[in-house]
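# Residue-level structural notes
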Amino acid sequence: MTVRDSVQIALFCAMTAALGLVPAIPIPFSPVPITAQTLGVMLSGALLGAWRGTAAMLLFMALVAIGAPLLAGGRGGLAVFFGPTAGFFLAFPLAAFVIGVLTERFWARLGVVSAIGINLIGGVLVVYALGIPLLAVIAKIPLTQAALGSIAFVPGDILKACAAAAITLTVRRGYPNLRGDRYAADSGRSA
Amino acid sequence: MADASCPELQTAGTPRLGTKTKVAALGSAYAILFATSQGWLVILIGVLFGTGLVLKVTRWRQILPTLAMAVASGSAICAIHLWSGTFETGIWAALRLNISIWGALLFAATTSSSEILDALEDLVLKAGKYGERFRLVPLQAAMVTRFVPVFADHVNAMCEARVARGARKWSMGLAAPLVISALRQSDQLAEAIQARGFDPCGFQQRESEE
């Protein structure tokens, strides 16, 4: 890990926090407006890669744990880890890792469909796979009830996955030195 | 790290426990809270946390949103259990949830972030060579604290520019220039750090050896 990697980890953590300050966007086909914070999670994994993206999210969790109001709505502190949405928050590093692994694997031939698929797997499936069971455990409700209660958020998250894919492809074109010479040298593919 | 003025909750001037002692006590209380089936233990921990909050918190307005979230979540849990016919289970689940949040709020009220980072740095130093890679974490925390307002201002400027052009305030596409800005600033910052020779983890020494 280089100094550049460490700084990118910190700044993507800051960017994820800043995206939490964006006002929620109402969408016509869902009762729940979407927030941009999980967009930062998906972008951290897609643009920084598996390990750096995960490190950025772990740093984010550590700062929230010590009380920094970095979550959407200015929330922070240990209380977040015991609320009903704790599972969705704890899934951030895992989501970034899965998205990072898949994006690195398909980086050279990354297209719109593959990018959307990767973000859906990491940013939606993985997050809900951890969030819903933990919600059921904390609230002591059946798993099916917890799943039904989370369905309202799915359309917004799918939209976010599509947006993250589009942004990843845009940044890849607009910032050719994204992965640094090390990645290009390791894989023999252009960044 | 220097103990700068912290915007967190202010506390009354009373003797303070060390951060590690508080973490150990909080961890033990949580272990008992979620493992026990004895109702009186749950209520006792709740009374202790609640009393601590009343004695220690002076700026109640800062913790009201979190308390409101805890009450709302507890009410939702009770409503779901009432509908399922397990109201008593729902009451205890809601109570445990609220008490755990009170404990977290009490910890936040009595511990500044710089004290936590000092304790973390101490832990990293005691970890010896295994903790070397984490010595940059306090610096990274400082960078996050420094750059969140910078990116927030960037987001506000982009939103105002969109509104001035007659569009909706925020669009997901605005995240792309924010990301590119973050990447460019990270490159500049990394170059500035290297130019000043700051290298607590020996990164540059390892790179020159490779």
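Residues numbered from 1 in each chain as written. Chains lettered and ligands numbered in written order. Predicted model: local features only at pLDDT ≥ 70, side-chain atom pairs only at ≥ 80, totals over all residues. Heavy atoms only, no water.

## A word on the overall build of chain B
The number of helices and strands found in chain B is 8 helices and 0 strands. In chain B, buried positions account for 39% of the 210 residues. Surface exposure of chain B reaches about 11900 Å², of which carbon and sulfur atoms provide 63%. (Helix = DSSP H or I, 4+ residues; strand = E, 2+ residues; numbered from the N terminus. Buried < 20%, exposed > 50% of the residue type's maximum accessible area, 1.4 Å probe, protein only. Areas by Shrake-Rupley, 256 points an atom, 1.4 Å probe, with all protein chains shown as cover.)

## What to know about the overall build of chain A
For chain A, the count of helices and strands is 9 helices and 0 strands. N-terminal to C-terminal, the α/β element order of chain A is α-α-α-α-α-α-α-α-α. Its C-alpha atoms give chain A a radius of gyration of 16 Å, near enough to 16 Å, the size a compact globule of 191 residues would have. Principal-axis analysis of the C-alpha atoms gives chain A an extent of 50 × 35 × 30 Å. For chain A, the share of sequence-separated contacts (at least 6 apart) that also reach a separation of at least 24 residues comes to 69%. (Rg over C-alpha atoms; globule rule 2.2 N^0.38 Å. Contact = heavy atoms within 4.5 Å.)

## Describing the nonpolar core
Grouped together as the largest cluster of nonpolar side chains are 115 residues, with contacts concentrated most on Met15, Leu43, Phe60 and Phe89 of chain A together with Val144, Phe151 and Val179 of chain B. Tallying contributions element by element places helix α1 (residues 3–19) of chain A first for this core, with 12 residues. Residues contacting Met15 of chain A, with those up to four places away along its chain left out, are Gly40 and Leu43 of chain A together with Phe151, Leu178, Val179 and Ala182 of chain B. (Core = buried A, V, L, I, M, F, W, Y, C linked by side-chain atoms within 4.5 Å.)

## Details of the packing of helix α6 (residues 137–164) of chain B against helix α7 (residues 175–195) of chain B
Residues and elements named next belong to chain B. With their axes 11 Å apart at the nearest point, α6 and α7 run at an angle of 145 degrees to one another. At the point where α6 passes α7, the crossing takes the right-handed sense. Facing α6, whose interface residues are Met143, Phe147, Val150, Phe151, His154, Val155 and Met158, α7 presents Pro177, Leu178, Ser181, Ala182, Gln185 and Leu189. When grouped by side-chain class, the residues that make up the contact of α6 with α7 number 10 nonpolar, 3 polar and no charged. (Axes fitted to C-alpha atoms, helices over the stretch in contact; angles between N-to-C directions. Left-handed = near helix turned anticlockwise from the far one by under 90°. Nonpolar A, V, L, I, M, F, W, Y, C, P; charged D, E, K, R; others polar.)

## Describing the confidence of the model for chain A
All names here are of chain A. Looking at chain A as a whole, the pLDDT averages 84, with 91% of positions reaching at least 70. Per-element confidence in chain A is highest for helix α5 (residues 92–105), whose mean pLDDT is 94, and lowest for helix α9 (residues 180–187), whose mean pLDDT is 44. Here residues 181–191 scores under 50 on pLDDT; set against residues more than four positions off or in separate chains, the count is 14 contacts. (pLDDT = per-residue confidence, 0-100.)

## Focus on the pattern of salt bridges
If the charged atoms of two oppositely charged side chains come close together, the side chains can form a pair. Tallied over the full model, the rule gives 3 salt bridges over all chains. The partner of Arg4 of chain A in a salt bridge is Asp187 of chain B, and the shortest N-O contact between them spans 2.7 Å. Of the two residues, Arg4 of chain A sits in helix α1 while Asp187 of chain B sits in helix α7, which places them in two different chains. Judged by its relative accessible area of 17%, Asp187 of chain B falls in the buried class. With a shortest N-O distance of 2.8 Å, Asp5 of chain A and Arg52 of chain A are connected by a salt bridge. (Salt bridge = Lys/Arg side-chain N within 4 Å of Asp/Glu carboxyl O.)

## Things to note about the interface of chain B and chain A
In this assembly, 53 residues from chain B lie in contact with 48 residues from chain A. Both sides together, the interface formed by chain B and chain A hides about 4500 Å², and carbon and sulfur atoms give 81% of it. For chain B, the biggest contributors to the area lost against chain A are Val144, Met172 and Leu183 of chain B; these three give 14% of the whole. Joining chain B to chain A, the criterion identifies 4 residue pairs in polar contact (both at pLDDT 80 or more). Among the secondary structure elements, those contributing two or more residues to the side of chain B that touches chain A are α1 (19–35), α3 (60–84), α4 (87–110), α5 (113–126), α6, α7 and α8 (203–209) of chain B. For the side of chain B that touches chain A, the element with the most residues is α7 of chain B, which contributes 15 residues. Taken together, the residues that form the side of chain B that touches chain A break down as 36 nonpolar, 12 polar and 5 charged. (Buried area = accessible area lost by both parts, 1.4 Å probe. Polar contact = N/O pair within 3.5 Å; in protein donor to acceptor, adjacent residues only side chain to side chain.)

## Looking at the environment of Val41 of chain A
All names here are of chain A. Along the chain, the position of Val41 falls in helix α2 (residues 37–48). A sequence separation of 78 residues divides Val41 from Asn119, and the C-alpha atoms of the two residues are 10.0 Å apart. Dropping the residues within four chain positions of it, Val41 is found in contact with Thr16, Met57, Phe92, Ala95 and Ala96.

## So, the packing of aromatic side chains
Residue and element names in this part refer to chain A. Counted according to the given criterion, the structure contains 9 aromatic pairs over all chains. When the ring of Phe89 is compared with that of Phe92, the centres are 5.4 Å apart and the planes differ by 75 degrees; the resulting orientation is edge-to-face. Given the relative accessible area of 4%, Phe89 is considered buried. Look at Phe92 and you get buried, because its relative accessible area is 7%. Chaining the aromatic ring pairs together yields one cluster made of Phe60, Phe81, Phe89 and Phe92. Sitting over the ring of Phe106, Arg105 keeps its end group 5.3 Å from the ring centre. Between the NZ or CZ atom of Arg172 and the centre of the ring of Trp107, over which it lies, the distance is 5.3 Å. (Phe/Tyr/Trp six-rings, centres within 6.5 Å; stacked < 30°, edge-to-face > 60°. Lys NZ or Arg CZ within 6 Å of the ring centre and 35° of its normal.)

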